[in-house]
Amino acid sequence: MTDTLHLDKRQRAMLAEMGVRVWSPMTEAAVMLAPAVDIEPTQAIANAIKPAPILIQRPEGIDHMDWSALRTTVTGCQACTLCGSRQNTVFGVGAPEAEGAAPQVDWLIVGETPGEDEDRQGEPFVGQAGKLLDNMLGAMKLSRTGAHTAEGGGVYITNVLKCRPPGNRNPKPEEVAQCLPYLERQVALLKPKMILAMGRFAVQALLRESVPEVDGTPLGKLRGRVHQYQNVPVVVTYHPAYVMRNLPEKAKVWADLCLAMAHLKGAE
Ligand code: SF4
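Calculation notes
Residues numbered from 1 in each chain as written. Predicted model: local features only at pLDDT ≥ 70, side-chain atom pairs only at ≥ 80, totals over all residues. Heavy atoms only, no water. Near = heavy atom within 4 Å. 1 Å grid on protein atoms, 1.4 Å probe; cavity = no way out; pocket = protein on both sides within 12 Å on 5 of 7 lines; lining within 4 Å. Sits in = over half its atoms within 2 Å of the grid points. Nonpolar A, V, L, I, M, F, W, Y, C, P; charged D, E, K, R; others polar. Pairing = 2+ DSSP bridges. Helix = DSSP H or I, 4+ residues; strand = E, 2+ residues; numbered from the N terminus. Contact = heavy atoms within 4.5 Å. Axes fitted to C-alpha atoms, helices over the stretch in contact; angles between N-to-C directions. Phe/Tyr/Trp six-rings, centres within 6.5 Å; stacked < 30°, edge-to-face > 60°. Buried < 20%, exposed > 50% of the residue type's maximum accessible area, 1.4 Å probe, protein only. Polar contact = N/O pair within 3.5 Å; in protein donor to acceptor, adjacent residues only side chain to side chain. Points joined across faces, edges and corners; volume = space filled by probe spheres on them.

Asks: Break down the site of the ligand for me, with residues and values.
Replies: Neighbouring the ligand are the residues Cys77, Ala79, Cys80, Leu82, Cys83, Arg86, Lys162, Cys163, Gln178, Cys179 and Tyr182. Here the ligand occupies the largest cavity. Taken together, the residues that form the shell around the ligand break down as eight nonpolar, one polar and two charged.

Written out as structure tokens, the structure reads:
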């Protein structure tokens, strides 16, 4: 490739990164980088300036945002690479909001990541796993959008990650780390009386401080007792999607829900 391209230093470096050899009459030296590829000059430049996914830092002050500012911030978030493949962010669903303020709830259900249906609809726990969760809530005399009453009962449902990992792969630790402040703020604003942590990644995100060995502990060993997150009781259980593949675990989930209900009742 002759140097009729008038490439500057940065463009040369980018082409070199790509393994493209550029001949320079100025230096009479070739940038020899294996593996070299044949590439049209115009294509080379197009590739060289093709933008990588833009990552914009999370805004400052999440821990002071109100509910509607938090929702808006999540909607526009580009703080990890998942922003490049999502269709929608999935902030959460639950009891009605009061003029943009956080809904009043007793229960916060935290899942793992949005799946394909959730990404398309912008709502957590839809599809078959969502139906199973709705049935569980029904058995507890709760519903995903039911209002909080004098007897309590409001529910909010969200995930650790607000964007879907492509192909439903597991979330990466750096993605969880980037997204977690949003969940932390949701918990602070919702002030639930009980959190149900559903699935391994929800449990790891919520219990990291109270259970230092959480990453190496099977979820089954964390069931059956009440943990804490931000001074809110947390009960650990299996994710509905896992239960659908392992139906005998349904009874264990019901036992976990009973533990949570009993703890909540005892605290009143
Ligand atoms: S997953 Fe979370 S941190 Fe990553 S882009 Fe979505 S909202 Fe932002």
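Asks: Quick one: what's the story with the sheet that holds strand E7 (residues 226–229), residue by residue and with numbers?
Replies: Spatial strand order, E3-E5-E4-E6-E8-E7: six strands in an open sheet with mixed pairing. At either margin of the open sheet sits one strand with a lone partner, and together these are strand E3 (93–94) and E7. Sheet topology note: the strand E6 (residues 194–198)/strand E8 (residues 232–237) ladder contains four bridges and is parallel. Counterpart to Ala197 in the pairing with E8 is Val236. Here helix H7 (residues 200–207) sits on the sheet and contacts strand E4 (107–111), E6, E7 and E8; the angle it forms with E6, its principal contact strand, is near 135°. Contacts from helix H10 (residues 250–267) reach E4, E6, E7 and E8, with the element oriented near 165° to E8.

Asks: I'd love a proper account of the packing of aromatic side chains, names of residues and values included.
Replies: Applying the stated rule across the entire model yields three aromatic pairs. Seen from their ring centres, Trp67 and Phe91 are 5.1 Å apart, and the 70° between their planes marks the pair as edge-to-face. Here the residue Trp67 occupies a position in helix H3 (residues 67–75), and Phe91 occupies one in the loop between H3 and E3, the gap between them amounting to 24 residues. Of the two residues, Trp67 and Phe91, both sit in the buried class. Between Trp67 and Tyr156 the ring centres are 5.2 Å apart and the planes differ by 80°, which places this aromatic pair in the edge-to-face class. Taken together, the positions of Trp67 in helix H3 and Tyr156 in strand E5 (residues 155–159) put the pair 89 residues apart, joining distant regions of the chain. Pair check on accessibility: Trp67 and Tyr156 agree, each one buried. These aromatic residues form a ring-pair network of at least three members: Trp67, Phe91 and Tyr156.

Asks: Quick rundown of the side chain of Lys162? Include the residues and the values.
Replies: As for its placement among the helices and strands, Lys162 is situated in the loop between E5 and helix H6 (173–190). A polar contact is formed between the side chain of Lys162 and the side chain of Thr158, at a distance of 2.9 Å. Reaching out from Lys162, the side chain makes a polar contact with the side chain of Gln186 at a distance of 2.7 Å. When neighbours within four sequence positions are excluded, Lys162 is seen to be in contact with Val74, Asn88, Thr89, Val90, Phe91, Pro114, Cys179, Tyr182, Leu183 and Gln186.

Asks: With reference to specific residues and values, describe the layout of surface pockets.
Replies: To find leftover empty space, one rolls a probe the size of a water molecule over the atoms. In this structure, the largest pocket spans a volume of roughly 690 Å³. Taken together, 28 residues line the largest pocket, and the ones lying closest to its centre are Glu112, Thr113, His239, Ala241 and Arg245. Secondary structure elements with two or more residues in the lining of the largest pocket: helix H4 (116–121), helix H5 (127–139), H7 and helix H9 (240–245). At four residues, the largest contribution of residues to the lining of the largest pocket is made by H5. Tallied by class, residues from the lining of the largest pocket come to 11 nonpolar, 10 polar and seven charged.

Asks: Report on empty space enclosed by the protein, specifying residues and quantitative values.
Replies: Taken as a whole, this structure holds two cavities of 30 Å³ or more when the rule is applied. Size it by volume and the largest cavity reaches roughly 100 Å³. What lines the largest cavity is a set of 15 residues, among which Cys77, Cys80, Cys163, Cys179 and Tyr182 lie closest to the centre. The dominant element in the lining of the largest cavity, judged by the number of residues it contributes, is H6, at four residues. Here the second largest cavity defines a volume of roughly 60 Å³. Around the second largest cavity sit Arg200, Val203, Gln204, Val214, Asp215, Thr217, Pro218, Leu219 and Leu222, which together line it. Contributing elements (two or more residues each) for the lining of the second largest cavity: H7 and helix H8 (219–222). Among the elements that make up the lining of the second largest cavity, the one with the highest residue count is H7 (three residues). In terms of residue class, the lining of the second largest cavity is made up of five nonpolar, two polar and two charged.

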